[in-house]
Each structure stands twice: as structure tokens, then as C-alpha cells.
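Given next are the chains, with one letter for each unit.
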Amino acid sequence: AQKVTQAQTEISVVEKEDVTLDCVYETRDTTYYLFWYKQPPSGELVFLIRRNSFDEQNEISGRYSWNFQKSTSSFNFTITASQVVDSAVYFCALSGTGGGNKLTFGTGTQLKVEL
Amino acid sequence: ETGVTQTPRHLVMGMTNKKSLKCEQHLGHNAMYWYKQSAKKPLELMFVYNFKEQTENNSVPSRFSPECPNSSHLFLHLHTLQPEDSALYLCASSQTGTSWRDTDTQYFGPGTRLTVL
């Protein structure tokens, strides 16, 4: 069975601080995909990144960066110089060979960025 | 319209009512999904349609009845719901092939906030 754990339920930071959201996953599949989504108060899940299990290169997109470490089954997400608009719930998700196009989501991390 | 749209955005219904949620995707995808998001719980996959055929029913009660008339539209028909069915219902779509390697990104709509009285 697949499982995604986001141990941080809620994080509060002051604007311009850096913040890292943790994601730990479990799967028996040797090949799989990992995702991050952002859910602002409006409700829509916004896709941020997809990473396949063969690609352990870290990725940076503007103020966002992702650290994929297969050895520790983690796919952490860092926001640099956080802004109030980053306030949202962030979900990590996993799909694998056994699940076809099914995603297993973590419970999400609520990020609050204050002035 | 672009992306994935859902109507209505908010719905309040009694336990004896019948209502339908609508989802439309404008991305040319061939797979569509219904998810339920309750407070303090992970997103729960309810149904999956690939090429208009239902390929997944995640033990959803029969009071939820999905319909997929074509690859662009997905409905969720609701009848005799319970208060615990109150949640945010999210629709998603993706371009998916015949093997897991075609797993592609799921794009979500804004959701329908459902309240059952």
C-alpha cells in the first residue's frame, strides 16, 4: 500500500522567511511519480511540480525549490523569501505502478505567512 | 472557459433532495476524476473515468451516482445524502494512456462546497 505523510499540520512564518514543507512517502513500487499541489482559500488545487522516481535532481522554479531524496523517501518543498500570497494548504501526492493514474495524497500542511 | 470548471460552487441541500454536480474540462484530456475533501482528512478518490468508462469506484455509497457522457463532462448525481457527506467535492482531469507510465498530471477544478442539512 502507498502512503504519504506530511507531519507538519500547520506552519506560521513571517514574510520573507524561508520555509520548508516536509513530505515522506512509502511505496513498494520501484517506479513512481511524486507531486506537490497548492490549495489557496478558494479551494482549487493548483499543480506545482511532478517528479518521477528516476530523476533525483533537485529543481528550482523562482522562489520554489524541491529536494527529492530516494534514500530517505522524502520530497521536501522549500519556499524562499515567503510572501503573504503563499498562504495556502500544500499537498504532497504519490502515484505508482500499482495504482495506475490514482494519486495518494498526504493530509496537507497549512502555511500561514504573516506581515 | 479554460482548465477545469465546476458548477455550482456552493450547494446546500436537504437529505431528501436530489441534485447534480457538474464538471467540464477544456484541456482535451481523456480521464476524469471525482474526489471528496472533508475537514482534517486526506483527499479521497471517489471515481475514475478513462475514455468515458468508469475504471474505479472506491467503495462509494450508491447515493452518489457518477455519469460521464463524454470525455469533457462529468456529473455527480446526489440523492438522499447524509450530513456527513458535507464536504468539498473536487473534479480533476488528466491525459492518461493505457499504462501507468502515461500517468500524467491531474488538473483540478475549484470544487463544489456541499452542505447537507
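Criteria and cut-off values
- Residues numbered from 1 in each chain as written.
- Chains lettered and ligands numbered in written order.
- Predicted model: local features only at pLDDT ≥ 70, side-chain atom pairs only at ≥ 80, totals over all residues.
- Heavy atoms only, no water.
- Helix = DSSP H or I, 4+ residues; strand = E, 2+ residues; numbered from the N terminus.
- Buried < 20%, exposed > 50% of the residue type's maximum accessible area, 1.4 Å probe, protein only.
- Contact = heavy atoms within 4.5 Å.
- Areas by Shrake-Rupley, 256 points an atom, 1.4 Å probe, with all protein chains shown as cover.
- Lys, Arg positive; Asp, Glu negative; His and termini not counted.
- Charge placed at Lys NZ, Arg CZ, Asp CG, Glu CD.
- Salt bridge = Lys/Arg side-chain N within 4 Å of Asp/Glu carboxyl O.
- 1 Å grid on protein atoms, 1.4 Å probe; cavity = no way out; pocket = protein on both sides within 12 Å on 5 of 7 lines; lining within 4 Å.
- Points joined across faces, edges and corners; volume = space filled by probe spheres on them.
- Phe/Tyr/Trp six-rings, centres within 6.5 Å; stacked < 30°, edge-to-face > 60°.
- Core = buried A, V, L, I, M, F, W, Y, C linked by side-chain atoms within 4.5 Å.
- Pairing = 2+ DSSP bridges.

## Observations concerning the overall build of chain A
So, step 1. Within chain A one finds zero helices and twelve strands.
So, step 2. Across chain A, helices and strands are ordered from the amino to the carboxyl terminus as β-β-β-β-β-β-β-β-β-β-β-β.
So, step 3. For chain A, the spread of C-alpha atoms along the principal axes amounts to about 45 × 25 × 20 Å.
So, step 4. Counting only residues that meet the buried cut, chain A has 45% of its 115 residues in that class.
So, step 5. Within chain A, contacts between residues separated by at least 24 positions form 56% of all contacts whose residues are at least 6 apart in sequence.
So, step 6. Of the roughly 5500 Å² of accessible surface on chain A, 47% is carried by carbon and sulfur atoms.
So, step 7. One way to put it: in chain A the 10 positive side-chain charges average out to a point 6 Å from where the 13 negative ones average out.

## What about the pattern of salt bridges?
So, step 1. In total, this model carries six salt bridges over all chains according to the counting rule given.
So, step 2. A:Arg63 is paired through a salt bridge with A:Asp86; the nearest N and O atoms lie 2.8 Å apart. Of this pair, A:Arg63 sits in the loop between β7 (59-61) and β8 (64-69) while A:Asp86 sits in the loop between β9 (74-79) and β10 (88-96), and the two are 23 residues apart along the sequence.
So, step 3. According to the relative accessible area criterion, A:Arg63 is partly exposed, its value standing at 26%.
So, step 4. For B:Asp85, the salt bridge identified is with B:Arg63, shortest N-O distance 2.7 Å. Linking B:Asp85 in the loop between β8 (73-79) and β9 (87-94) with B:Arg63 in the loop between β6 (53-57) and β7 (64-70), this pair joins segments that are 22 residues apart in sequence.
So, step 5. Look at B:Asp85 and you get buried, because its relative accessible area is 2%.
So, step 6. Among the charged side chains, a salt-bridge network with shared partners connects A:Arg51, A:Asp55 and A:Glu59.

## Digging into the layout of surface pockets
Leftover empty space is mapped by rolling, across the atoms, a probe with the size of a water molecule.
So, step 1. The volume enclosed by the largest pocket comes to roughly 690 Å³.
So, step 2. Looking at the largest pocket, it is lined by 28 residues, and the ones nearest its centre are A:Gln39, A:Val89, A:Gln110, B:Gln37 and B:Lys40.
So, step 3. Of all the elements in the fold, those that place two or more residues in the lining of the largest pocket are β10 and β12 (109-114) of chain A together with β9 of chain B.
So, step 4. With three residues, β10(A) is the single largest residue contributor to the lining of the largest pocket.

## Let's talk about the packing of aromatic side chains
So, step 1. Following the criterion strictly, the structure yields 20 aromatic pairs over all chains and no others.
So, step 2. Seen from their ring centres, A:Tyr33 and A:Phe35 are 6.4 Å apart, and the 40 degrees between their planes marks the pair as tilted.
So, step 3. Judged by its relative accessible area of 11%, A:Tyr33 falls in the buried class.
So, step 4. Pairwise contacts between aromatic rings join A:Tyr33, A:Phe35, A:Tyr37, A:Phe47, A:Phe91, A:Phe105, B:Tyr33, B:Tyr35, B:Tyr107 and B:Phe108 into one cluster.

## Things to note about the nonpolar core
So, step 1. Grouped together as the largest cluster of nonpolar side chains are 24 residues, with contacts concentrated most on A:Trp36, A:Trp66, A:Phe77, A:Tyr90 and A:Leu111.
So, step 2. Of all the elements in the fold, those that place two or more residues in this core are β2 (10-14), β3 (19-21), β5 (32-39), β6 (46-52), β8, β9, β10 and β12 of chain A.
So, step 3. Broken down by element, the residue count for this core peaks at four residues, all from β10(A).
So, step 4. Counting residues in hydrophobic clusters, the runner-up holds 22 residues, among them B:Cys23, B:Phe64, B:Cys68 and B:Val116.

## As for the pairing of strand β5 (residues 44-50) of chain B
Residue and element names in this part refer to chain B.
So, step 1. Within β5, six of the seven residues are buried, which leaves it mostly tucked inside the rest of the structure.
So, step 2. Bridge count between strand β4 (residues 31-37) and β5: six bridges; the pairing is antiparallel. When the bridges of β5 are listed, Tyr-33 appears paired with Val-48.
So, step 3. Both β5 and β6 contribute to a ladder of four bridges, which runs antiparallel. In the strand pairing of β6, Asn-50 is matched with Glu-53.
So, step 4. The turn joining β5 and β6, which pair antiparallel and follow one another in sequence, is formed by two residues; a positive phi near 50 degrees is taken by Phe-51.

## Comments concerning unusual backbone geometry
So, step 1. With an omega dihedral of -10 degrees, the bond running from B:Thr7 to B:Pro8 counts as a cis peptide bond.
So, step 2. Examined against the element boundaries, B:Pro8 turns out to sit in the loop between β1 (4-7) and β2 (10-13).
So, step 3. Although it is not a glycine, A:Ala81 adopts a positive phi angle of roughly 50 degrees.
So, step 4. On the basis of relative accessible area, A:Ala81 is assigned to the partly exposed category, the value being 31%.
So, step 5. The residue B:Phe51 is not glycine, and still its phi comes out positive at about 50 degrees.
So, step 6. Within the secondary structure, B:Phe51 is located in the loop between β5 and β6.
So, step 7. Looking at B:Phe51, the relative accessible area reads 46%, which means it is partly exposed.

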